[in-house]
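Residue-level listing of the chains:
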Amino acid sequence: KNGTAVVLTNGTKDAFINSMVVAGTDVYAGGGENSTGPYDVAKYWKNGAAVSLTNGVYNAEIYSMVVSGSDVYAGGYEYNASITSVARYWKNGAAVSLTNGTNNAQISSMVVAGIDVYAGGYESNGTKDVAKYWKNGTAVSLTNGTKDAQINSMAVVGTDVYAGGYESTAAAP
């Protein structure tokens, strides 16, 4: 904070922060920390106190955080038993899966606008990543799946949804 490091872990396990948000006097930092096994636990720190969102059975990570009123949203992914990443966000610690785990997917950016929850990222079609966002759980594909593409950042103003990321210039073979 203001050039001074704030230590969130004891340093005995690898840990990382991918997203931060400040709401009032509360500071949230989302990312993950290695569990006692080989996998990362999706977690965030609120004012330095850790909140684990997964149990470390499967790899998981947080990429985006939003605080809206008293609700805390953390978006990212969690692998399933088939080692496929499921696009998921957690609202106040409760998991909301946006994909069924058939293809790899993840959330990289979240926005809450009024009662609407937007989560942007990608879902693979089996060969290429398709840039998508989900509004209240309903998927909206932004690319056609012939080139890799992902959403990395989102903004919502009124009824306009802005999504930034990338689309590869290489077409599918």
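Below or above, wherever it landed, is the structure these notes cover. (Residues numbered from 1 in each chain as written. Predicted model: local features only at pLDDT ≥ 70, side-chain atom pairs only at ≥ 80, totals over all residues. Heavy atoms only, no water.)

What to know about the nonpolar core
Right, so step 1: Val66, Tyr73, Ala87, Tyr89, Leu98, Ala105, Ile107, Met110, Val112, Val117, Ala119 and Trp134 together form the largest nonpolar core, which totals 12 residues.
Right, so step 2: Considering each element in turn, this core owes the most residues, 4 residues, to strand β9 (residues 105-113).
Right, so step 3: Leaving out residues up to four positions away in the same chain, Val117 has contacts with Tyr73, Tyr89, Met110, Val111, Val112, Trp134, Lys135 and Asn136.
Right, so step 4: Ranked by size, the runner-up nonpolar core spans 11 residues in total, among them Ala60, Ile62, Val67 and Ala74. (Core = buried A, V, L, I, M, F, W, Y, C linked by side-chain atoms within 4.5 Å. Buried < 20%, exposed > 50% of the residue type's maximum accessible area, 1.4 Å probe, protein only. Helix = DSSP H or I, 4+ residues; strand = E, 2+ residues; numbered from the N terminus. Contact = heavy atoms within 4.5 Å.)

As for the side chain of Thr54
Right, so step 1: As for its placement among the helices and strands, Thr54 is situated in the loop between β4 (49-52) and β5 (60-68).
Right, so step 2: A distance of 2.9 Å separates the side chain of Thr54 from the backbone nitrogen of Ala42, its partner in a polar contact.
Right, so step 3: In this structure Thr54 touches Asp40, Val41, Ala42, Ala60, Glu78 and Trp90, once residues within four positions along its chain are discounted. (Polar contact = N/O pair within 3.5 Å; in protein donor to acceptor, adjacent residues only side chain to side chain.)

Some remarks on the sheet that holds strand β1 (residues 15-23)
Right, so step 1: The sheet built from 4 strands is open, its strands ordered β1-β2-β3-β4 with antiparallel pairing. Looking at the sheet topology across the chains shown, the edges are occupied by β1 and β4. Sheet twist, expressed as the average angle between the axes of neighbouring strands with direction ignored, equals 25 degrees.
Right, so step 2: Sheet topology places β1 next to strand β2 (residues 26-34); 8 bridges connect them, and they run antiparallel. (Pairing = 2+ DSSP bridges. Axes fitted to C-alpha atoms, helices over the stretch in contact; angles between N-to-C directions.)

Remarks on the sheet that holds strand β12 (residues 138-141)
Backbone-to-backbone hydrogen bonds join strands into a sheet, with any given pair of strands oriented parallel or antiparallel.
Right, so step 1: Strand order in the open sheet formed by 4 strands is β9-β10-β11-β12, with antiparallel pairing between adjacent strands. Whereas interior strands pair on both sides, the edge strands pair on one side only; in this sheet they are β9 and β12. Between one strand and the next, the sheet's axes are offset by a mean angle of 25 degrees, whatever the strand orientation.
Right, so step 2: When strand β10 (residues 116-124) meets strand β11 (residues 129-135), the two strands line up antiparallel, connected through 7 bridges. Pairing of Gly120 across the sheet is with Tyr133, part of β11.

As for the packing of aromatic side chains
Right, so step 1: Going through the model one piece at a time under the given rule, you end up with 5 aromatic pairs.
Right, so step 2: When the ring of Tyr73 is compared with that of Tyr89, the centres are 6.1 Å apart and the planes differ by 45 degrees; the resulting orientation is tilted. Of this pair, Tyr73 sits in strand β6 (residues 71-79) while Tyr89 sits in strand β7 (residues 85-91), and the two are 16 residues apart along the sequence.
Right, so step 3: Residue Tyr73 is classed as buried on the basis of its relative accessible area, which comes to 4%.
Right, so step 4: For Tyr89, a relative accessible area of 10% puts it in the buried group.
Right, so step 5: With 6.2 Å between their ring centres and 45 degrees between their planes, Tyr118 and Tyr133 make a pair best called tilted. Taken together, the positions of Tyr118 in strand β10 and Tyr133 in strand β11 put the pair 15 residues apart, joining distant regions of the chain. (Phe/Tyr/Trp six-rings, centres within 6.5 Å; stacked < 30°, edge-to-face > 60°.)

Quick look at unusual backbone geometry
Right, so step 1: Even without a glycine there, the phi angle at Asn47 is positive, about 50 degrees.
Right, so step 2: Structurally, Asn47 is set in the loop between β3 (40-46) and β4.
Right, so step 3: You will see that Ile83, though not glycine, has its phi angle at about 60 degrees, which is positive.
Right, so step 4: Among the structural elements, Ile83 can be located in the loop between β6 and β7.

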